[in-house]
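# Structural characterization, general
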Amino acid sequence: METFLHQLPIVVNALNVGFVQTLKLFAVTLLGAFPLGLLIAFGSLSKIRAVSMFTSFIIWIIRGTPLMIQLLIVYYFPGLVLHNPIWGGGEQGRFLAASLAFIINYSCYFSEIYRGGILSVPVGQTEAGLVLGMTKRQIFFNVTLLQMIKRIVPPISNEIITLVKDTALARIIALQEIIWAGQAFMKGSHGISGAIWPLFFTAFYYLVFNGIVTVLLARLERKLDYFR
Amino acid sequence: MPVLEVRNIRKTFGRTEVLKGIDFSLDKGEALSVIGSSGSGKTTLLRCLNFLERPDAGSITVNGEVLLDCADASTLRESEIRRKRLHFGLVFQSFNLFPQYTALENVLLAPRLLAKENHEQFADKERLNAEARELFADIGLSDRMNNYPHQLSGGQQQRVAIARALIMHPDILCFDEPTSALDPELTGEVLKVIRKLSEQNTTMIIVTHEMEFARDVADKVIFMDGGVICEQGNPREVFSHPKEERTKQFLSRYSQN
Ligand SMILES: Nc1ncnc2c1ncn2[C@@H]1O[C@H](COP(=O)(O)OP(=O)(O)OP(=O)(O)O)[C@@H](O)[C@H]1O
Ligand SMILES: [Mg+2]
């Protein structure tokens with residue numbers, strides 16, 4: 001008990017540092033994948049067949065392979081295969097590589113949700129805008145977008161909660177996120193070694209954070225309840 | 001000179017020829033009603049006029065300006081469609097109000113966006129607001145301006161949709177079965193608004209299954225059948241003394257119900 005009380009502040013400090021990295025990856029992924037997913041959704045809805053087929057092909061590859069493999073490929077492919085280690089060896093390079101892999105992966109998942117959302121808005125909405133002399137762009141931003149957002153909040157919420165947990169995968173390229181920080185205490189870190197409980201303790205961080213995310217998303221959903 | 005001249009409009013979807021050469025013209029202030037059985041091409045005709053469908057052949061001329069002539073590529077440019085569209089307004093069977101906006105916002109959205117694009121100043125915003133309020137008084141919904149569509153009855157929604165079309169000042173206002181989606185007790189309030197518009201000499205094309213209304217309100221009636229205009233003329237004539245056998249059959253089906 002005495003050792004535990006002694007270890008606790010040390011472990012919490014280290015886990016906090018790791019969790020900041022987790023949160024950074026989470027935030028960067030969302031910031032990148034929200035808009036990129038929309039672009040990919042437009043691509044897969046394009047009337048130009050070459051564009052829609054190319055986009056569907058990319059989506060098929062990304063959704064058909066594990067994110068963990070995608071992380072490894074993004075991180076190691078430039079250095080080991082092209083002999084051009086663009087990421088460098090440091091934590092910053094690992095973060096950039098992880099961000100890229102996560103953004104690509106999540107924008108493909110988002111794009112499919114967006115696509116369903118766009119298609120679920122009745123064509124009558126677009127046609128009403130057109131006959132009122134609005135441009136396609138004005139119609140998208142002023143008419144379609146909010147109706148689409150309302151419909152995609154529940155499925156996107158699921159993806160966001162999955163993302164919180166998926167960030168742990170970045171450990172595979174040694175990104176120093178919270179799981180990495182917890183595991184370090186097994187081998188030895190900050191003068192503590194052979195301790196497994198810090199690793200288990202990380203679950204608490206995920207749980208609390210997902211709780212906050214869930215509450216915020218539910219609030220957004222309620223906010224959009226004012227129309228049908 | 002007529003406001004609208006439609007010449008030889010043809011439209012084919014896949015292998016079905018839906019419009020097989022439609023010709024008619026409309027004078028300023030006239031109301032035209034279009035009747036005909038289901039599938040005769042009435043909606044397709046209105047959609048062609050509003051540039052929601054591109055006809056395969058024919059021309060549309062408004063106030064002497066050729067808006068569309070399938071034989072003249074210079075009239076088919078996508079970039080000008082938007083301006084040309086504003087000569088027409090369209091009220092849909094299913095209202096198609098924007099659910100996330102109040103009734104007032106529905107009416108103001110398009111003209112505001114247009115004013116913003118043309119860099120019109122504050123004065124125009126005031127003028128638009130005043131005009132919208134006037135329109136709501138005309139359709140009898142001054143007290144419901146700030147309601148969302150789902151808080152309005154079908155009849156009220158359709159009246160808002162009419163105001164939304166009117167604020168763009170179309171030369172020709174088209175209605176596609178404006179009361180078909182409504183409960184019978186709600187059709188009256190919508191028809192009353194349209195009737196008032198015709199008394200104010202609004203140029204209109206009304207596709208409808210309300211035969212009595214078509215006869216009373218219109219200055220001219222067109223009976224469509226199988227993608228062609230089978231008979232057209234003065235409503236009293238056409239309804240009481242149809243010349244064509246198909247018109248007789250169609251009308252007799254309605255007088256039975
Ligand atoms: N986008 C489309 N693709 C294929 N066929 C179509 C399309 N739009 C209309 N049609 C066909 O064209 C024909 C005429 O349709 P239209 O909607 O113009 O008839 P209508 O006179 O308005 O009928 P209703 O009284 O039922 O509204 C129908 O046979 C319909 O199936
Ligand atoms: Mg129709």
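Scroll up to find the structure.
Everything numeric here is computed off the predicted structure, so don't read it as measured data. (Residues numbered from 1 in each chain as written. Chains lettered and ligands numbered in written order. Predicted model: local features only at pLDDT ≥ 70, side-chain atom pairs only at ≥ 80, totals over all residues. Heavy atoms only, no water.)

### Comments concerning the overall build of chain B
Counting its regular elements, chain B contains 9 helices and 10 strands. A compact globule built from 257 residues would reach a C-alpha radius of gyration of about 18 Å, and chain B, at 19 Å, matches this within 12%. Dimensions of chain B, computed from the C-alpha atoms along their principal axes, are close to 55 × 50 × 35 Å. Taking all 257 residues of chain B together, 56% fall into the buried category. Within chain B, contacts between residues separated by at least 24 positions form 65% of all contacts whose residues are at least 6 apart in sequence. Surface exposure of chain B reaches about 11,700 Å², of which carbon and sulfur atoms provide 45%. Here chain B contributes 32 positive and 37 negative side-chain charges, whose respective centroids are spaced 3 Å apart. (Helix = DSSP H or I, 4+ residues; strand = E, 2+ residues; numbered from the N terminus. Rg over C-alpha atoms; globule rule 2.2 N^0.38 Å. Buried < 20%, exposed > 50% of the residue type's maximum accessible area, 1.4 Å probe, protein only. Contact = heavy atoms within 4.5 Å. Areas by Shrake-Rupley, 256 points an atom, 1.4 Å probe, with all protein chains shown as cover. Lys, Arg positive; Asp, Glu negative; His and termini not counted. Charge placed at Lys NZ, Arg CZ, Asp CG, Glu CD.)

### Some words on the site of ligand 1
Residue and element names in this part refer to chain B. For ligand 1, the full set of nearby residues is Phe13, Val18, Ser37, Ser38, Gly39, Ser40, Gly41, Lys42, Thr43, Thr44, Glu177 and His209. Here an oxygen atom of ligand 1 and a side-chain polar atom of lysine 42 are 2.7 Å apart. Look at ligand 1: alone it shows 640 Å² of surface, and the protein chains cover 58% of it. Considered class by class, the residues forming the shell around ligand 1 number 2 nonpolar, 8 polar and 2 charged. (Near = heavy atom within 4 Å. Polar contact = N/O pair within 3.5 Å; in protein donor to acceptor, adjacent residues only side chain to side chain. Nonpolar A, V, L, I, M, F, W, Y, C, P; charged D, E, K, R; others polar.)

### Looking at the sheet that holds strand β10 (residues 228-233) of chain B
Residue and element names in this part refer to chain B. Taken in spatial order, the 6 strands line up as β6-β7-β8-β3-β9-β10 in an open sheet, and their pairing is mixed. With partners counted over all chains shown, the strands left at the sheet margins are β6 (88-91) and β10, one partner each. The mean angle between the axes of side-by-side strands here comes to 20°, regardless of whether they run parallel or antiparallel. Across 5 bridges, strand β9 (residues 220-225) lies against β10 in antiparallel orientation. Bridging from a neighbouring strand, methionine 224 pairs with isoleucine 229 of β10. Packed on one face of the sheet, helix α5 (residues 154-166) meets β6 and β7 (172-176) and runs near 170° to β6. Helix α6 (residues 184-199) contacts β3 (31-36), β7 and β8 (204-207) of the sheet and is inclined by roughly 150° relative to β8. (Pairing = 2+ DSSP bridges. Axes fitted to C-alpha atoms, helices over the stretch in contact; angles between N-to-C directions.)

### Quick word on the interface of chain A and chain B
Opposite the 19 residues of chain A that make contact, chain B presents 24 residues. A buried area of about 2,100 Å², summed over both sides, lies between chain A and chain B, and 61% of it is on carbon and sulfur atoms. By the criterion of area lost to chain B, the three top residues of chain A are Val131, Leu132 and Tyr226 of chain A, representing 31% of everything that side buries. Put simply, chain A and chain B have 1 salt bridge between them. Between glutamate 127 of chain A and arginine 47 of chain B there is a salt bridge, with the nearest N and O atoms lying 2.8 Å from each other. The interface formed by chain A and chain B contains 10 residue pairs in polar contact (both at pLDDT 80 or more). Secondary structure elements with two or more residues in the side of chain A that touches chain B: α5 (123-131) and α6 (136-166) of chain A. Here the side of chain A that touches chain B gets 7 residues from one element, more than from any other, and that element is α5 of chain A. Taken together, the residues of the side of chain A that touches chain B break down into 9 nonpolar, 8 polar and 2 charged. (Buried area = accessible area lost by both parts, 1.4 Å probe. Salt bridge = Lys/Arg side-chain N within 4 Å of Asp/Glu carboxyl O.)

### Focus: the packing of helix α2 (residues 49-64) of chain A against helix α4 (residues 91-120) of chain A
All names here are of chain A. Relative to each other, α2 and α4 sit at 115°, their axes nearing to 9 Å. As α2 packs across α4, the resulting crossing turns out to be left-handed. Contacts between α2 and α4 involve Ile58, Ile59, Ile62 and Arg63 from the former and Ile104, Asn105, Cys108, Tyr109, Ser111 and Glu112 from the latter. Of the residues that constitute the contact of α2 with α4, the class distribution is 6 nonpolar, 2 polar and 2 charged. (Left-handed = near helix turned anticlockwise from the far one by under 90°.)

### Here's the deal with unusual backbone geometry
All names here are of chain B. Phi at phenylalanine 95 takes a positive value of approximately 65°, unusual for a residue other than glycine. In this structure, phenylalanine 95 sits in the loop between β6 and α3 (103-117). Here the phi dihedral of histidine 169 falls at roughly 50°; this positive angle occurs in a residue that is not glycine. When you line up the elements, histidine 169 lands in the loop between α5 and β7. We classify histidine 169 as exposed; its relative accessible area is 52%.

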